[in-house]
Amino acid sequence: EAGVAQSPRYKIIEKRQSVAFWCNPISGHATLYWYQQILGQGPKLLIQFQNNGVVDDSQLPKDRFSAERLKGVDSTLKIQPAKLEDSAVYLCASSLGTGTASYNEQFFGPGTRLTVL
Amino acid sequence: DQQVKQNSPSLSVQEGRISILNCDYTNSMFDYFLWYKKYPAEGPTFLISISSIKDKNEDGRFTVFLNKSAKHLSLHIVPSQPGDSAVYFCAAGSNNDMRFGAGTRLTVKP
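## Some points on the packing of aromatic side chains
Applying the stated rule across the entire model yields 10 aromatic pairs over all chains. Ring centres 5.8 Å apart and planes at 90 degrees place the aromatic pair Phe 108 of chain A and Tyr 36 of chain B in the edge-to-face group. Taken together, the residues Phe 108 of chain A in strand 10 (residues 107-108) and Tyr 36 of chain B in strand 4 (residues 32-38) connect one chain to another. By relative accessible area, Phe 108 of chain A is classed as buried at 10%. Ring plane angle 40 degrees and centroid distance 5.3 Å describe the contact between Tyr 36 of chain B and Phe 100 of chain B, whose orientation is recorded as tilted. With Tyr 36 of chain B in strand 4 and Phe 100 of chain B in strand 10 (residues 97-100), the pair connects residues that are 64 residues apart, well separated along the chain. By relative accessible area, Tyr 36 of chain B is classed as buried at 0%. What links up through ring pairs into an aromatic cluster is the set Tyr 33, Tyr 35 and Phe 108 of chain A together with Tyr 36, Phe 46 and Phe 100 of chain B.

Printed below as a string of structure tokens:
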């Protein structure tokens, strides 16, 4: 079974530039998560989709971050414009269901490491 | 806001001994708790979980203990193996709100 795919693996940009990350979840997984992990901290949930609908985006900085999952499968996360403090690893994860039980079956991708100069 | 804290950034133990990783949380509404393991250049992988109705859950060499009154959980690994060397994250939450600690880097020496 293929895992969660993410690209690119690394990205270096200058502040005020735009950047986009792509995630392809495990086939059949209805729920998709985007996390931000700043160095020395744990992952922080940015947005959670169930199919193509948003379940939770309370921690997404909506003035600069956006995400979509148009066909309920793969997803993109965009930052426009980027700030220095956006430097982090962006993790995508997927699970079959939603709610607390789904965290047992949450599979993470390898992440995209973003450096903003 | 740090609702989940792992106060030890690192832990080193000898192979065959017990590893104890600790985690504290502040939100009494949290009712589900998990531990994840992370190797370099990989995403976290789920290790073990416990709900608030239990105080212990065991899976092979891994046991998670929950002390609700103290808002504290711990992960015990017995016996520790060199392959257990990784960063361990605890997470706590309810429904769709899950918060992660900053992680503890465990090194198991042969």
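## What to know about the side chain of Ser 74 of chain B
Residues and elements named next belong to chain B. Within the secondary structure layout, Ser 74 lies in strand 8 (residues 72-77). In this structure Ser 74 comes out as buried when scored by relative accessible area, which is 7%. Polar contacts involving the side chain of Ser 74 include one to the side chain of His 76, which spans 3.5 Å. Every residue in contact with Ser 74, bar those within four places of it in the chain, is listed here: Ile 20, Leu 21, Asn 22, Trp 35, Thr 63, Val 64 and Phe 65.

## A closer look at the pairing of strand 11 (residues 112-116) of chain A
Residue and element names in this part refer to chain A. Covered by surrounding structure in strand 11 are Thr 112, Leu 114 and Val 116 only, the residues Arg 113 and Thr 115 on the alternate face being uncovered. Across four bridges, the pairing between strand 2 (residues 10-13) and strand 11 is parallel. Looking across to strand 11, one finds that Ile 13 is bridged to Val 116. In this structure, strand 9 (residues 88-95) lies alongside strand 11, joined through three bridges in antiparallel fashion. In the sheet register, Tyr 90 faces strand 11, and the bridge partner there is Thr 112.

Conventions and cut-offs
- Residues numbered from 1 in each chain as written.
- Chains lettered and ligands numbered in written order.
- Predicted model: local features only at pLDDT ≥ 70, side-chain atom pairs only at ≥ 80, totals over all residues.
- Heavy atoms only, no water.
- Phe/Tyr/Trp six-rings, centres within 6.5 Å; stacked < 30°, edge-to-face > 60°.
- Helix = DSSP H or I, 4+ residues; strand = E, 2+ residues; numbered from the N terminus.
- Buried < 20%, exposed > 50% of the residue type's maximum accessible area, 1.4 Å probe, protein only.
- Polar contact = N/O pair within 3.5 Å; in protein donor to acceptor, adjacent residues only side chain to side chain.
- Contact = heavy atoms within 4.5 Å.
- Pairing = 2+ DSSP bridges.

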